[in-house]
Amino acid sequence: MQYDLTIIGSGPGGYVAAIRSAQLGMKTALIEKYDTLGGTCLNVGCIPSKALLDSSEHYHNAEVNFAAHGINIGTLQIDLAKMIERKNEVVSQTVGGIDFLMKKNKVDVFHGVGAFKDPHTILVSQAEGKTQEISTRKTIIATGSKPITPAAFNYDKKRVITSTEALNITKVPKKMVIIGGGVIGLELGSVYARLGTEVTVVEFLDRIIAGMDVDCSKELTRSLKKLGMIFHLKHMVTKVTSSKNQVKIEVQKRDSDETFEIAADYCLVAIGRRPYTDGLQLENAAVKLDEKGRVIVDEHLQTTHPDIYAIGDVIRGAMLAHKAEEEGILVAEQLAGQKPHINYNLIPGVVYTWPEVASVGQTEDELKEKQIAYKVGKFPYKALVAPGPVWIWMVWLKYWPTKQLMKCWEYISSVREQPI
Ligand code: FAD
Ligand code: NAI
């Protein structure tokens, strides 16, 4: 089997690269070790977590917000098993869509673990012990990432879990401790807090979502506390031990020796993800990794071998589906002789909590550190509640100097009190 391009890994990076390369006339192969295509994002990441965020938001609204609208529905019940079943249906529909796209674009799909025999030969080992050999002119490594699970946390997939298992709990837990106040901790923490679980987040830093602006962290902390979530900031977990039905989490204050213990039904480890290159046998292809285990690439996403490229979570940069997709398109277009470009400063990040938090570009702290001059403009989102007049004010605001913002807000606040 001879291919122009072989892609190892069928996540958002891999499958998008496959489609683009086939569209551009390259004979393309895609290798995936699991039975379903779509990678972390479609199977155990973006899609299932958003499905549960959606379902849990409906429940929370029914429980907390409906009455104010005059909708009384009596005693509510959660059928978490049904919620998970719906989530699984959403996943299988989405994953099925990728199968269809591969067929439509005439991409040959191989299921099995891909490994380099040499820089232009990939071996695909299937579960039944069968091995296929693929000859390829170029290869893209798109093998993604896995959760970081330090030995001291005794990850057992039952009581000490990662996001993968947290997407499949079928009975609402009474208590859950989450290690890490990053994106996964807050999104999945929101799901369970909305369903009635007492959620405690232990975060090493002095704020949550530390990759975004301080203002965003403050607002989101306030809002999640209202939801009932408990935060131990500037704390670290030193050890986690589990028994059949319970888990014990040893917590230490970051800046002192003070310690305490929390007991819970589950401990969710959400302290980041590591690039995944296990089993690829990169040494047979002269592909090198950096000190964090990421495949080293240059600005063209070319690895240390000129015919091998790498994209997505397995290389440097944000671990986001749309970033992986853009990189897949970039490599395919480059191989077809085009001159694509990615502006990494324009990749947005969104945390799908309530409220959702979105950011793009550099944070205020980063600008300060780099001594780049900047202007701050703030507009309270609350004002959007009053549609008509606010639109007018927003148009005016566009032409007003920043210092007028507060005066404007005072006025909007006063008119919002009156019937519109
Ligand atoms: P992956 O999606 O990880 O795919 C890699 C694929 O390679 C996998 O299918 C794996 O099985 C396969 N593979 C690995 N090694 C081999 C091998 N040797 N042979 C064959 N196949 C192999 N991002 C967002 O932008 N928005 C979100 O809302 C969002 N939510 C998330 C929620 C959760 C809970 C998690 C965990 C992640 C979320 N992400 C989100 C991140 C997103 O999932 C990743 O950034 C994205 O999946 C990375 O894509 P990728 O193609 O690089 O790798
Ligand atoms: P993260 O990097 O977002 O957050 C990890 C947090 O854990 C950090 O705040 C860190 O300070 C803290 N931490 C690390 N070690 C700790 C320790 N020992 N004790 C206490 N706290 C500790 O990683 P997370 O949440 O696991 O997500 C991984 C990646 O998945 C993200 O980087 C993101 O790119 C992606 N993702 C994206 C989503 C989205 O776009 N909506 C949703 C979910 C995941």
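In short, a report on the structure. Model, not experiment: these values are computed from the prediction. (Residues numbered from 1 in each chain as written. Chains lettered and ligands numbered in written order. Predicted model: local features only at pLDDT ≥ 70, side-chain atom pairs only at ≥ 80, totals over all residues. Heavy atoms only, no water.)

1. Observations concerning the overall build of the chain
A count of helical and extended segments in the chain gives eleven helices and 19 strands. Its C-alpha atoms give the chain a radius of gyration of 24 Å, near enough to 22 Å, the size a compact globule of 420 residues would have. If you line up the chain on its principal axes, its C-alpha atoms span 70 × 60 × 50 Å. Put simply, the chain has 420 residues, and 43% of those count as buried. Counting only contacts in the chain whose residues sit at least 6 apart along the sequence, the fraction spanning at least 24 positions is 61%. Accessible surface for the chain amounts to roughly 22,400 Å². Of this, 54% is attributable to carbon and sulfur atoms. (Helix = DSSP H or I, 4+ residues; strand = E, 2+ residues; numbered from the N terminus. Rg over C-alpha atoms; globule rule 2.2 N^0.38 Å. Buried < 20%, exposed > 50% of the residue type's maximum accessible area, 1.4 Å probe, protein only. Contact = heavy atoms within 4.5 Å. Areas by Shrake-Rupley, 256 points an atom, 1.4 Å probe, with all protein chains shown as cover.)

2. Considering the pairing of strand S1 (residues 2-8)
On any regular strand, side chains alternate: one points to one face of the sheet, the next to the other face. With five of seven residues buried, S1 is to be regarded as a mostly interior element. Pairing of S1 with strand S6 (residues 131-141), which is carried by six bridges, proceeds in the parallel orientation. For Leu 5, the partnering residue across the bridge sits in S6 and is Lys 138. Across four bridges, S1 lies against strand S2 (residues 28-32) in parallel orientation. Its bridge partner being in S2, Thr 6 is matched across the sheet by Ala 29. Handedness of the crossover joining S1 and S2 through helix H1 (residues 12-23): right-handed. (Pairing = 2+ DSSP bridges. Right-handed = clockwise from strand over helix to strand, strands pointing away.)

3. So, the layout of surface pockets
Of the voids in this model, the second largest pocket is the one considered here, and its volume is about 1,700 Å³. Lining the second largest pocket are 36 residues, and of these Glu 219, Pro 355, Glu 356, Tyr 381 and Lys 382 sit closest to its centre. When contributions to the lining of the second largest pocket are tallied by element, the ones reaching two or more residues are helix H3 (46-65), helix H6 (183-195), helix H7 (214-226), strand S19 (357-359) and helix H9 (364-369). For the lining of the second largest pocket, the element with the most residues is H7, which contributes eight residues. Residues that form the lining of the second largest pocket fall into these classes: 17 nonpolar, seven polar and twelve charged. (1 Å grid on protein atoms, 1.4 Å probe; cavity = no way out; pocket = protein on both sides within 12 Å on 5 of 7 lines; lining within 4 Å. Points joined across faces, edges and corners; volume = space filled by probe spheres on them. Nonpolar A, V, L, I, M, F, W, Y, C, P; charged D, E, K, R; others polar.)

4. Some remarks on the environment of Thr 139
Positionally, Thr 139 belongs in strand S6. Residue Thr 139 is classed as buried on the basis of its relative accessible area of 0%. Considered as a pair, Thr 139 and Gly 181 are 42 residues apart in the sequence and their alpha carbons are 36 Å apart.

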